[in-house]
Structures are given as C-alpha cells and as structure tokens.
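# Results of the structural survey
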Amino acid sequence: MTASLHALGCGASAGAYYTNDPYRETYNRDEYYVQEGGGLWWTQGAAIVRHGAPVVLESFRDLCAGLNPATGQPLVRGAGVGHRAGWDLTLTAPKTVSLLWAAGDPEARAQLEAIHAAAVEEALGFLCAEELVEVRLGAGGHRREPPAGLMVGRFDHYTSRAGDPNCHTHCVLINAAVSKDKKPRTLEPERLYQWQLVVGSAYRAALAERLVGELGLCLRPAGQGQFEIAGIPEAVIEAFSKRSVAIEAQVGGDRAAASGAQKEVAALATRGAKADLPTGPALEARWHAEFTALAHDPWAAVRAASRELVREHVIERGPEPAFDPPEIAGATPVARAASALFRHENVLTRRNLIERALDEAALQGLGLAAVRAELAELERSGQLVRLVQAEREACWTTPGIAAAESALLRAADRPAAERVIPVPVVDAVLATAAPLAEEQRAALRHVSGAAAVNVLEAGAGTGKTTTAKALVEIAQRSGLQVIGLAPSWVAADELGASTGIPTQAIAKWRHDQARDAGASLSPDTLVLVDEAGMIGTKDLCAILSAAEAGGARVVLLGDRRQLASVAGASALRAVNDVLGRHATLSEVRRQAVPWQRAASVLMARGEVEAGLRAYARHGCIELVAGAAAVQARALALWSEARARHGADAVLMVTRRNRDAAELNRGARALLRAEGALTGPDVEVMARDRENRPRALGLAVGDRVRFGESLSQHGIRNGTRATVEAIGADAGGALRLRVRLEDGRRVEDAYAGFVPVRARRTVQAQPRISLGYAGTAYAVQGRTCAATIYCGFTAGDARELYVGLTRHRQEAHLVIERERLEAAVRVRQVDPRLTPSTAELQERLFVEARRYTEKVNVVDHVEDRAAFVRSGAIPPPRTEMRLDLQSGFAAARALRRVLQEMSEVPRQALRQLARGVRRAERQVSPRVLRLVEDIWGTLPDVVTRERPGRSRSGPDYGR
C-alpha cells in the first residue's frame, strides 16, 4: 500500500498498457491501460485536457508521444517515438481494503471505490501543493518551475496479476505540462522520486480519515508506517497476497529488506500472463471459495473489531531516554512524529517530518488537513522553530534543542583551564614514554596546553590508544585525577583497560550526577571522553557543562568520519567548528599491509570510495548471488581466517542486526560440525539485539554477547563471554556459567541473568545473543586480525570505513550480487541485459560515496556568536543573493536587442549598395564619381569588430 513510481517507455506505444474497464481483470482481462474511453483525466490548472473527462485512446497515445491531440503537432521538443511518455505513480490500498471490496455487495464496493478515489485525488493535490514535479525551461532544461497545468491519467484497477483482490490506481503523469508562460514543457520528476514515500503517506492518511469517519472502522499498525483494518487476521491477508509471496520468494524471503530496485526486478521476473487467470464470474467464484475455505467473513470481522476496540489508536511508546523527555508533549500526529525524530536529529527536514506525521495521522484516522493545522499551530506557539523560511526547504528545531546546543558550545569555548599542565612534565613523559610518532607528540602537546577543552581527532588505527595512555600519564604526573567516559560500556571498558583509569558509560555517569551519587568534577580533574563522534548533543552538553561548573579539563577523542551518533546531530563537529582548533592523528599504524594502510588513510580523509577501489584491485571483493550464498561464502572465509589467526581473532561485520543473527546461527552450526562446541544443545528463551524474544541454542564453548548491563554480576552492556557450563542443577533449575573477556567467571541460575529491576516483570528473559558476528555499531573501536564484511544490503561510507579498518592482517568483502544487478538493470535502456562485474563494482562504489552528515542547529544560524551567547535563533535577514540565472537571461535578451539594432543600418546600407550597382549600368562615370563623393561623407554607422572578439555577439564578462 505504498506509492510506487516507474518511468514509462517512449512514444505512443507507452500508452498501450492502460484499460478503460475498472473491473478489467474481474470481467474481461483486456489491455491494461487504455482503450477507447478508458480512465479519467485529473488536471491541475489550465491543462490541454479537461479535468474529469474520460481518457480517449487516440488522445492519450498522442500525449504520450508529446503531440497535440487536436492537431497532431509537437507540444514539446523531441516529440515523437523517442519522447519519454511520462511516469506511473501507482497508489495501492491496504490489502484489508481490497478484501472488503472483494467480499462486498455492489453498494459496498461503490462506497469503497469512492473512498479510494477521493484519497487518490487528495494525494495528487498534495503532490502539486508540495511542488514535487516541475517543468524544465531554458537551454538543456536548466531552469525549473512548478507547472501551471499538470495532466494525469487515472486508471483504477481492482485485482493483481495473481488474480487476488488489489485495489490500486495508476496515475500517469504525462510528460508535457503547461508552464506559466502558457507553453507545454517536459517534466522533471527528481523531487517526486525523493518524496515518493511521502506521497504514499499522504494517500494513506486521506484513506484512513475516510475509512474511520465514513465507515466507522478501526485501524491497526502494519509496520513501516502502514496500517490495516482491524479484525482481518494475517492468515487471511497472506492467503490473498499470492503476488507478494512470489515477489518475496524471488528476493530471498525478506521483501521488507529488499531495495526498490530488487523488488521491481522481482516483480518483472514473477509476472504471469493475464490470460492464465480466470475472469469474470469464475474469478468471483474463486474468491468466494477462498473465503469459505478460510471460514472468514471480512465485513463481519471488521464490524466486530470496531465494536470492541476504541477508535482512538494508542501507539505503544518505546522507553524514553532517562534524562531527555519528548521534545513536544502530546499524542497528536505531529507531536508524536517530531518527538520520535528529535531523538535522533537536532534539525528535522520538511520531508521527514511530514512523512512521519502523516503516518501517525493515518493510524489515528486523521487526514492531511489535521497535520497541516497542527504543524502551523506548533510553529505559531513556538514549540517548533523554523530555521529555513522557504516553504519547500523548510526545516525545524525546538527551543530546548537550540538551548542545549548553545550551552554545549559555550561550555566548550573556555580559553584557559584553571590548572595548568607544566611543560616540563610533558617533556619528561614524552622522553620516557613508548616510541611515539611526531604527530602523536604534537597532539599530546596540543591537548596538554592551556585550553580547558581540547579535541583529538584520531582516525581508525592511528594509535589513539597509545596516545591516550601517554596523556593519562602526563595528567597524573601533573597531579590531576583522570576519569574516562564513553557512549557505551564496551568502549568505556576498553578505554579503562588500555589506560588504567576508572571509566563509565555516559548514561550511567549522567544518572549518578542527577542523583548526586557520582564524584563531582573539580579543577584537579581531567575528563577523557572516548568515541566523542558518537555522542549526542545533550550528552556532550551535560559533560562539558559539568566540567565548566567544576573547572575541570576535558579532552575529546573521536573521529567524525566513523559512525555518527545515534542521538541528535554531530556534536563533535559543532565543537570543532566553534573552537577552530584540534589535534589530528592521521598516520595509520594498525594495518600491517602497506596498501591497506594507504586505503585506511584515504577512508579517514573521507575518500571511502578510493579506499574501497583498492580492495577491489587486490581481489578482496567477492560478488555472490543470493543472501544464503553470501552467508555461506562469508562463513567459509571466516573459518579459513580463524585457522590462520586464531579462533577469536576474526570478526564478521554486517549492517543489520537480523543479518548478524543469521551469521551467528551459521557460525554456530559450523563450530558444532568442527567439534568446537561440546555437550548437548540447550534451548533457552532470550531477547535478541532487537529486544524480541527468540529461542536460542547454547552449548559449552559458545561465544555470547550480553545486550544489557547486569549490576549484580558486574556485566556491562555489550560484554562478550564464553559459555563454560549450562544445564539443570539438582533441583531442575537451569544454570549458566560463563567466562568474561576480562577472565572473570560468573555463574547463576539462567533467570538470574536478568537485571534486578526487571525481575518483577512477568516472563522476564535474559538479553543474550551469539557473539560471532556484529553490526558496524557493535564493532566500532575493536581491533582484530581479520575482518569479513558482509554486504547483504546497501551500506554507506561510514559503515564501510568502520568495517574495513578493524583488522591488522586482512579484510574481505562479500557482497550480495543480485541487489547490485537490480540497481543497475532498472537504469539500463534494456533491463534484460546482464550487467558486467565492472558495472556492479561501480554500483558498489556509488554506495561508498554516500556520506550522511547530521545537521546541527548552529549550521542554520547567521550570527553564530549571538546564538552561542543566548541560544536564541533570530529570524534570518533578507537574503541578497546573486541571481545568476536571471542575470544571464537578461544579458541574452540585451544581446538580442543590440544585434537587432545593429542590423538596421546594415540593411539600409545593403539596399543602397544594391541600388548603386543597378545605377552603375545606367549612369555616366561622372555621376558615379559624384556618388562616391557622397558615400565618403556618410557617418560610419557600422561598428567594426575588434580582433579576437567572438562573432556571436557582444563580449560580456561575469
């Protein structure tokens, strides 16, 4: 029930796919798009066709070819067989709506069709209001503007290719729209592709509003922002989703995880012939038989559900951050959407906020008008602060986030620490410390300087740990107490193990500080903050504000190019921008192979694509077709690398928790076959990394990872351990003994591996998973001998950088080939052609260019100094920008006029010259000499061109 967008072919033949019969597959299964009189026109503004008029076959085909239906003359440049016909935006109703339509009488069907049609109308209106398509003007179509007359052919269909009920509408955007100058122009759909999911959200919200308001139905969430009508069970939905099942099987059993390109290729590959399915009464009889076999009456089920459930949809909230309540209180759509998004961002774009708010509105039975009204009210009341005034590019923050960001920057901008680190102490440590490179020595001198807050940016494998250990020694010799903080317990424990200082996760430190249970900071304290690039604004604000209040020194260690913070914005980048100074470690020391070190240097500089190309040149990238084959090949490489480097010296890295779980299960099966696991498998119930209950098999020798902190055992979230014993005790209770990474042994009843605070919860289960593979977020900061990177889905530059810089000796990439093929095929002129390996690798390199950077509030502020002082965001001044497009257009117009003016005397002189030549044959030489004398007295009206000047017109500089 999402909006799908596909480019049509070229010329009139592209219009041969649409039909006139709204029940085309139910009754006659003729052509799919247009026959005589098929479909209806939807227009906006002064279009060539009339809004609501029936679509006529010949006219539709002419428009697909870019021709005027009335005259047959071209409407736009390039009209004819090579003209792109347009784009098909298909809006599909939830499956439960289609099931109600199939099970309904003619009156019920007509009512559902009207509701669906109205929702489609509203979605198309949303498309125009948000200016999601534009017309192209000027040379090469470099200028864009909203169309004044958009033409959309609407074709309503009610079944799928598999013969299941499937209410959907094809909205064909004709690639010829009237512009403001009354001329037809071609369309530019780039913005529509970017907003494709938002259009689907707008359609669903409009549909939900009518289903609830007109039919009194109740809705339930169906995942990924979608909904279904409450009362119809999943088994019935699946039975009538044969097309979806076929596509899911084609993409490997996980349709939700497949890319849009993979789904499109799978849909084409599984597409059956229309003639193979029953039509008319036979199809109606098949539906009735299927409902009977399932013993299900959809209308009775949804009416019963609407009587039992309250209309107001209650969304189960996830756990709120301990110290940061929702940014906007309330259960209304925009408030819920904004608060959820602000957990991960400091600035919300118009697209993201509207999409999430419309999804929330649909689940509550509200429509577009409610979202627009609430958004305007939140702006008016000041709960949302607009940072960009232009409607199309609008983005928002909140006063609370702006205040936290400004407080963070004020606390960071302390020029001098109260306690000075003596230079002789620094010199003495540098003289006796382990061998340090010159850039490490320079970095230590910088962070030991007078400033109270310093930043040390250290790329992956550049010797950050060695530098941090020397810094701790300098601070301790200077009489300072050093404490360490990190965004996770794993990072905190690694920092403590390498430097010998007490460390905490930031969440625990904030918890203690809020309850006055933690040690206060003083001028005699140095706070060493590791993995600072992954810390959100409010966490870093709390650290720096506490340090400012106590007069403590702070050193931030991090890398902005590795994984960004889960919480909002890029706090480390904001601090760097304000301080204007930082030390840098860029010389990679981790990788033993020279070309791999060079690749890591490139990645640390942001050139991830160049580093990835190095791995491709050395044959370290394998393209394997199918997720199962990717997993098998990754496990084979993992097994070979373990034989070379040791059982615990190899990491498997992937992007998603579900992929890591599959790799872990495969690794465990491999270890069992090798005999590395002993004793029987004991099946237990545990919560996985996504906090869902799962059956987990454990045996002696298994590597596990704890997904939460257990204070009673001194176990941190992310700690890894090896199972030493598992089984029932004398009383029949299951017991577990593990050996932690630090060598400690912990034994307890299996139920005892649950946080104490959660034991009151019914059916509380330990949060334990296998620990052979992990996501990029789970492995950042770790070092190993070898890495196997598994690319089941598309990654980005940050994930590739982290995954390819953990190793010392070797790294291999195993990439799912079919997803790359799908992405290449949909961009080919002929999608049937098989892409070459080089083309697929180039597609992979495109992913390595994707560097998403979280936006800070200060990025949108003109007067940064005033913002840092007060946290207030003044309205932007009127922008005086150099409009190059208008300037060039004016210059071209002036050149044309000057050329026309220069042509006037030229033409007059030519006429005079022709007259003289005619007269030469008729007059005497004496008269000719008189004419020449007159010619010599005429003014020089023709401007001669200077050498080197172009003959195309006057020479205008920039």
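Residues numbered from 1 in each chain as written. Predicted model: local features only at pLDDT ≥ 70, side-chain atom pairs only at ≥ 80, totals over all residues. Heavy atoms only, no water.

## Here we look at the sheet that holds strand β19 (residues 525-529)
Formally: By the convention used here, strands pair only if DSSP detects at least 2 bridges between them. Only runs of H or I of at least four residues qualify as helices and only runs of E of at least two qualify as strands under DSSP, and these elements are numbered from the N terminus. A fitted line through C-alpha atoms serves as each axis, taken over the contacting stretch for helices, and the angle formed by two N-to-C directions is quoted from 0 to 180°. In this analysis, two residues are considered to be in contact whenever any of their non-hydrogen atoms come within 4.5 Å of each other.
Pairing within the open sheet is parallel, and its six strands lie in the order β18-β17-β19-β20-β16-β21. Two strands in the sheet have a free side with no partner beyond their single neighbour: β18 (503-505) and β21 (583-585). Direction aside, the axes of adjacent strands within the sheet are offset by 20 degrees on average. When β19 meets strand β20 (residues 553-558), the two strands line up parallel, connected through four bridges. Within the sheet, the bridge partner assigned to valine 529 lies in β20 and is leucine 556. Of the strands in this sheet, β17 (481-486) and β18 touch helix α20 (residues 506-514), which is tilted by about 90 degrees from β18.

## Remarks on the pattern of salt bridges
The following threshold applies: For this document, the term salt bridge refers to a Lys or Arg side-chain nitrogen within 4 Å of an Asp or Glu carboxyl oxygen. Accessible area is worked out with a 1.4 Å probe on protein chains only. A residue is then buried under 20% of its type maximum, exposed over 50%, and partly exposed in between.
Under the criterion given, the structure shown has 59 salt bridges. The salt bridge involving lysine 464 is made with aspartate 530; its shortest N-O contact spans 2.8 Å. Of this pair, lysine 464 sits in helix α18 (residues 464-477) while aspartate 530 sits in the loop between β19 and α21 (537-550), placing them 66 residues apart in sequence. Taking the relative accessible area as the measure of exposure, aspartate 530 reaches 7% and is therefore buried. Notably, a salt bridge pairs glutamate 724 with arginine 737, separated by 3.4 Å at the nearest N-O pair. Of this pair, glutamate 724 sits in strand β27 (residues 720-728) while arginine 737 sits in strand β28 (residues 734-740), and the two are 13 residues apart along the sequence. Classification of glutamate 724 by relative accessible area gives buried; the value is 19%. Taking relative accessible area as the criterion, arginine 737 reaches 27% and is therefore assigned partly exposed. Salt bridges sharing partners connect three or more residues here, namely Arg573, Asp577, Arg798, Glu853, Asp859 and Arg864.

## Side note on the packing of helix α16 (residues 423-432) against helix α17 (residues 438-447)
Quick note on the threshold: Here the angle decides the label: under 35 degrees means roughly parallel, over 145 means roughly antiparallel, 65 to 115 means roughly perpendicular, and every other value means oblique. Crossings are classed by handedness, with left-handed meaning an anticlockwise turn of the near helix from the far one by less than a right angle and right-handed meaning a clockwise turn. Side-chain classes are defined by residue name, with Ala, Val, Leu, Ile, Met, Phe, Trp, Tyr, Cys and Pro counting as nonpolar, Asp, Glu, Lys and Arg as charged, and the others, Gly among them, as polar.
Two numbers describe how α16 lies on α17: the axes approach to 11 Å, and their chain directions differ by 155 degrees. What the angle tells us is that α16 and α17 run roughly antiparallel. Crossing of α16 over α17 shows right-handed handedness. Here Val426, Asp427 and Leu430 of α16 lie close against α17, whose contacting residues are Arg441, Leu444 and Arg445. Tallied by class, the residues present in the contact of α16 with α17 amount to three nonpolar, no polar and three charged.

## Thoughts on the packing of helix α25 (residues 627-645) against helix α26 (residues 657-674)
Contact geometry for α25 and α26: axes closest at 10 Å, N-to-C directions at 50 degrees. Between α25 and α26, the angle falls in the class oblique. At the point where α25 passes α26, the crossing takes the right-handed sense. For the pair α25 and α26, contact is made by Gln631, Ala634, Leu635, Trp638, Ser639 and Arg642 and by Glu662, Leu663, Gly666, Ala667, Leu670, Leu671 and Glu674, respectively. Residues that form the contact of α25 with α26 fall into these classes: seven nonpolar, three polar and three charged.

## Topic: the confidence of the model for the protein
Worth spelling out the cut-off: Confidence of the prediction at every residue is given by pLDDT, a number between 0 and 100.
On average, residues of the protein score 83 in pLDDT, and 83% of them are at 70 or above. Confidence scores differ between elements of the protein, with helix α1 (residues 24-28) showing the lowest mean pLDDT of 38 and helix α13 (residues 350-363) the highest of 96. With pLDDT under 50 throughout, residues 19-37 is counted as low confidence; its partners more than four residues away or in other chains account for 100 contacts.

## Regarding the packing of aromatic side chains
Aromatic ring pairs are described here by two measures, namely the spacing of the ring centres and the angle between the planes. Heads up, the rule is: Whether two aromatic rings pair depends on their centres lying within 6.5 Å, for rings of Phe, Tyr and Trp, where Trp uses its six-membered ring; planes under 30 degrees apart make the pair stacked, over 60 edge-to-face, and the rest tilted. Criterion for a charge above a ring: Arg CZ or Lys NZ at most 6 Å from the ring centre, at most 35 degrees from the ring normal.
Scanning the entire structure with this criterion turns up nine aromatic pairs. Considering the side-chain rings of phenylalanine 706 and phenylalanine 753, the 6.0 Å spacing of their centres and the 25 degrees angle between planes classify their relative orientation as stacked. With phenylalanine 706 in strand β26 (residues 703-706) and phenylalanine 753 in the loop between β29 (745-749) and β30 (768-770), this pair connects stretches of sequence that are 47 residues apart. The buried category is assigned to phenylalanine 706, whose relative accessible area is 1%. Feature note: the residues Trp41, Phe60 and Phe155 constitute an aromatic cluster, connected by ring pairs. Directly above the ring of tyrosine 851 sits arginine 561, whose terminal nitrogen or CZ lies 5.9 Å from the centroid. Against the face of tryptophan 489 rests arginine 716, its NZ or CZ located 3.6 Å from the ring centre.

## Notes on the environment of valine 575
Here valine 575 shows up in helix α22 (residues 571-579). Here the alpha-carbon distance between valine 575 and alanine 412, two residues 163 residues apart in the chain, equals 6.5 Å. Residue contacts for valine 575: discarding those within four places in its chain leaves Leu408, Leu409, Ala412, Val455, Leu540, Leu544 and Leu556.

## Focus on unusual backbone geometry
With the exception of glycine, the majority of residues adopt a negative phi angle, and the majority of peptide bonds are in the trans configuration. The phi dihedral of glutamine 224 is positive, around 55 degrees, even though this residue is not glycine. Structurally, the position occupied by glutamine 224 is in the loop between β11 (219-223) and β12 (226-229). Overall, glutamine 224 belongs to the exposed group, its relative accessible area being 62%. At glutamate 531, a residue that is not glycine, the phi angle is positive and equals roughly 50 degrees. Looking at glutamate 531, the relative accessible area reads 9%, which means it is buried.

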